[in-house]
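# Reading the structure
Each chain is listed here by its residues.
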Amino acid sequence: MTRPDPGLAHGWCALTALHGRIEAHVERALQAEHELSVREFSVLDVLSDQHDGDGGHFRMNQLADAVVLSQSATTRLVTRLEDRGLLSRYLCPTDRRGIYTNVTPDGLALLERARPTNDRALAEALDSAERRPELAPLVTAVRRLPRPEKPEEPERPQG
């Protein structure tokens with residue numbers, strides 16, 4: 001029996017290796033300097049982009065999708081961040097079944113301090129991975145990805 005073309009499997013292995021290397025390097029840096037995990041940083045970062053316009057707030061299931069965690073793992077993570085005073089939850093004003101989460105001022109301050117650490121560690125991890133021939137094409141692809149535009153926040157009435 002002949003083995004099918006391993007190209008796809010090799011590509012997937014390279015992608016998971018790149019992800020693992022980056023996540024481990026960024027995790028070490030965020031933990032050492034800010035006592036934050038990569039997942040905690042991601043939750044704070046995603047939630048910091050919320051706004052008061054249509055679709056501007058995440059429900060728990062949307063947050064789980066955005067940070068690629070199960071809904072139960074996301075809820076546990078949000079609870080830990082809430083216990084640290086970095087997040088607060090509140091009921092959706094138009095649907096009492098919905099729960100939204102906001103980043104507190106302390107959470108925003110920590111996020112702002114941690115962003116340069118995250119960016120530096122990410123750049124270091126990509127630079128290191130780029131020296132490995134099997135990962136270099138993926139690093140090039142990551143660096144060429146377009147940066148998403150932030151949605152404009154609707155104007156708030158002066159008052």
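First, a word on scope: everything that follows refers to the structure included in this document. As the structure is a prediction and not an experimental result, all values here were calculated from the model.

## Details of the overall build of the chain
Regarding its fold elements, the chain presents six helices and two strands. Beginning at the N terminus, the succession of helices and strands in the chain can be written as α-α-α-α-β-β-α-α. For the chain, the C-alpha atoms occupy an extent of roughly 65 × 40 × 30 Å along the three principal directions. Of all 159 residues assigned to the chain, the portion counted as buried reaches 33%.

## What to know about the packing of helix 1 (residues 7-34) against helix 5 (residues 105-130)
Running from N to C, helix 1 and helix 5 cross one another at 145°; their axes reach a closest spacing of 9 Å. The handedness of the crossing between helix 1 and helix 5 is right-handed. Here helix 1 contributes Leu-18, Arg-21, Ile-22, His-25, Val-26, Ala-29, Leu-30, Glu-33 and His-34 to the contact with helix 5, which in turn contributes Leu-110, Arg-113, Ala-114, Thr-117, Asn-118, Arg-120, Ala-121, Leu-122, Glu-124, Ala-125, Leu-126 and Ala-129. Considered class by class, the residues forming the contact of helix 1 with helix 5 number 12 nonpolar, four polar and five charged.

## Notes on the packing of helix 3 (residues 60-67) against helix 4 (residues 71-83)
The contact between helix 3 and helix 4 brings their axes to 9 Å, and the two run at 100°. Considering their axes alone, helix 3 and helix 4 lie roughly perpendicular with respect to each other. In this structure, helix 3 contributes Met-60, Asn-61, Leu-63, Ala-64 and Val-67 to the contact, and helix 4 contributes Gln-71, Thr-74, Thr-75 and Val-78. Broken down by class, the residue content of the contact of helix 3 with helix 4 amounts to five nonpolar, four polar and no charged.

## Considerations on the packing of aromatic side chains
The final tally for this structure, using the stated rule, is one aromatic pair. Here Tyr-90 and Tyr-100 contribute two aromatic rings whose centre-to-centre distance is 5.7 Å and whose plane-to-plane angle is 65°, an arrangement assigned as edge-to-face. Of this pair, Tyr-90 sits in strand 1 (residues 87-91) while Tyr-100 is found in strand 2 (residues 99-103), placing the two residues 10 residues apart along the sequence. Judged by its relative accessible area of 27%, Tyr-90 is partly exposed. For Tyr-100, a relative accessible area of 13% gives the class buried.

## Quick word on the side chain of Thr-74
Checked against the element boundaries, Thr-74 lands in helix 4. Separated by 2.9 Å, the side chain of Thr-74 and the backbone oxygen of Ser-70 make a polar contact. Ignoring any residue separated from it by four or fewer positions in sequence, one finds Thr-74 in contact with Met-60, Leu-63, Ala-64, Val-67 and Leu-69.

## Details of the pattern of salt bridges
Enumeration over the complete set of coordinates arrives at nine salt bridges. With a closest N to O distance of 2.5 Å, Asp-127 and Arg-143 form a salt bridge. Taken together, the positions of Asp-127 in helix 5 and Arg-143 in helix 6 (residues 136-144) put the pair 16 residues apart, joining distant regions of the chain. Between Glu-130 and Arg-143 there is a salt bridge whose closest N-O contact spans 2.8 Å. In this pair, Glu-130 is assigned in helix 5 and Arg-143 in helix 6, connecting sequence segments 13 residues apart. In this structure Arg-143 comes out as partly exposed when scored by relative accessible area, which is 38%. A single salt-bridge network, built from bridges that share partners, covers Glu-33, Arg-120 and Glu-124.

What counts as what
- Residues numbered from 1 in each chain as written.
- Predicted model: local features only at pLDDT ≥ 70, side-chain atom pairs only at ≥ 80, totals over all residues.
- Heavy atoms only, no water.
- Helix = DSSP H or I, 4+ residues; strand = E, 2+ residues; numbered from the N terminus.
- Buried < 20%, exposed > 50% of the residue type's maximum accessible area, 1.4 Å probe, protein only.
- Axes fitted to C-alpha atoms, helices over the stretch in contact; angles between N-to-C directions.
- Left-handed = near helix turned anticlockwise from the far one by under 90°.
- Contact = heavy atoms within 4.5 Å.
- Nonpolar A, V, L, I, M, F, W, Y, C, P; charged D, E, K, R; others polar.
- Parallel < 35°, antiparallel > 145°, perpendicular 65-115°, else oblique.
- Phe/Tyr/Trp six-rings, centres within 6.5 Å; stacked < 30°, edge-to-face > 60°.
- Polar contact = N/O pair within 3.5 Å; in protein donor to acceptor, adjacent residues only side chain to side chain.
- Salt bridge = Lys/Arg side-chain N within 4 Å of Asp/Glu carboxyl O.

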